[in-house]
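Okay, here's what each chain looks like letter by letter:
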Amino acid sequence: MIVLPTAVRETILERAREGDPDEICGVLGGEYDPDGRSRVRSHYPAENVAETPRTRYEIDPEEQLAIFDRLEDRGEEIVGFYHSHPRGPPRPSATDAARATWPDRSYVIVSLEPLEVESWRWRTDGTDGEFEREQIVVD
């Protein structure tokens with residue numbers, strides 16, 4: 001389960017609308033719990049540097065490290081990541097699964113058509129890995 005503040009949810013939705021037709025992306029910070037209830041406290045927008053930003057997202061490694069440093073300075077943990085699917089469903093694509101690298105972290109996906117927000121945990125549990133849908137509690 002992931003607890004997502006209304007303000008963060010609305011900001012991510014607005015970024016997705018403004019970024020359309022490209023995918024937007026960023027990092028979620030807060031209190032991380034690998035098996036229970038992670039709580040988002042903040043979000044860190046990142047530039048999508050993918051070669052095909054309409055269908056993929058990629059955070060520049062240097063920008064990602066800078067975001068991680070900011071999280072650490074604020075006493076937060078990496079809860080997960082977010083990105084949008086402007087023309088697709090709010091579930092992980094095959095590319096998302098192939099590029100997922102943070103076990104047990106949340107991957108929040110925003111769809112614009114239809115307008116939905118869902119979250120998925122990347123589980124490895126001795127396998128190659130798969131996404132498991134998780135409940136979002138908006139507070």
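(A) Spotlight on the layout of surface pockets. If you add up the space inside the largest pocket, you get close to 430 Å³. Around the largest pocket sit 19 residues that line it, and Tyr57, Glu58, Ile59, Arg99 and Ala100 are the ones nearest its centre. No other element matches helix α3 (residues 94-99), which puts 3 residues into the lining of the largest pocket. Here the residues of the lining of the largest pocket sort into 7 nonpolar, 6 polar and 6 charged.

(B) Looking closely at the sheet that holds strand β2 (residues 25-31). Strands sit in the order β7-β6-β5-β4-β2-β3-β1-β8 across an open sheet of 8 strands; the sheet is mixed. Every other strand in the sheet has two partners, leaving β7 (130-134) and β8 (136-138) as the edge strands with one partner each. Strand-to-strand, the axes of this sheet are offset by a mean angle of 35°, without reference to chain direction. Note that strand β1 (residues 2-4) and β8 share 3 bridges and pair parallel.

The rules behind the values
- Residues numbered from 1 in each chain as written.
- Predicted model: local features only at pLDDT ≥ 70, side-chain atom pairs only at ≥ 80, totals over all residues.
- Heavy atoms only, no water.
- 1 Å grid on protein atoms, 1.4 Å probe; cavity = no way out; pocket = protein on both sides within 12 Å on 5 of 7 lines; lining within 4 Å.
- Points joined across faces, edges and corners; volume = space filled by probe spheres on them.
- Helix = DSSP H or I, 4+ residues; strand = E, 2+ residues; numbered from the N terminus.
- Nonpolar A, V, L, I, M, F, W, Y, C, P; charged D, E, K, R; others polar.
- Pairing = 2+ DSSP bridges.
- Axes fitted to C-alpha atoms, helices over the stretch in contact; angles between N-to-C directions.

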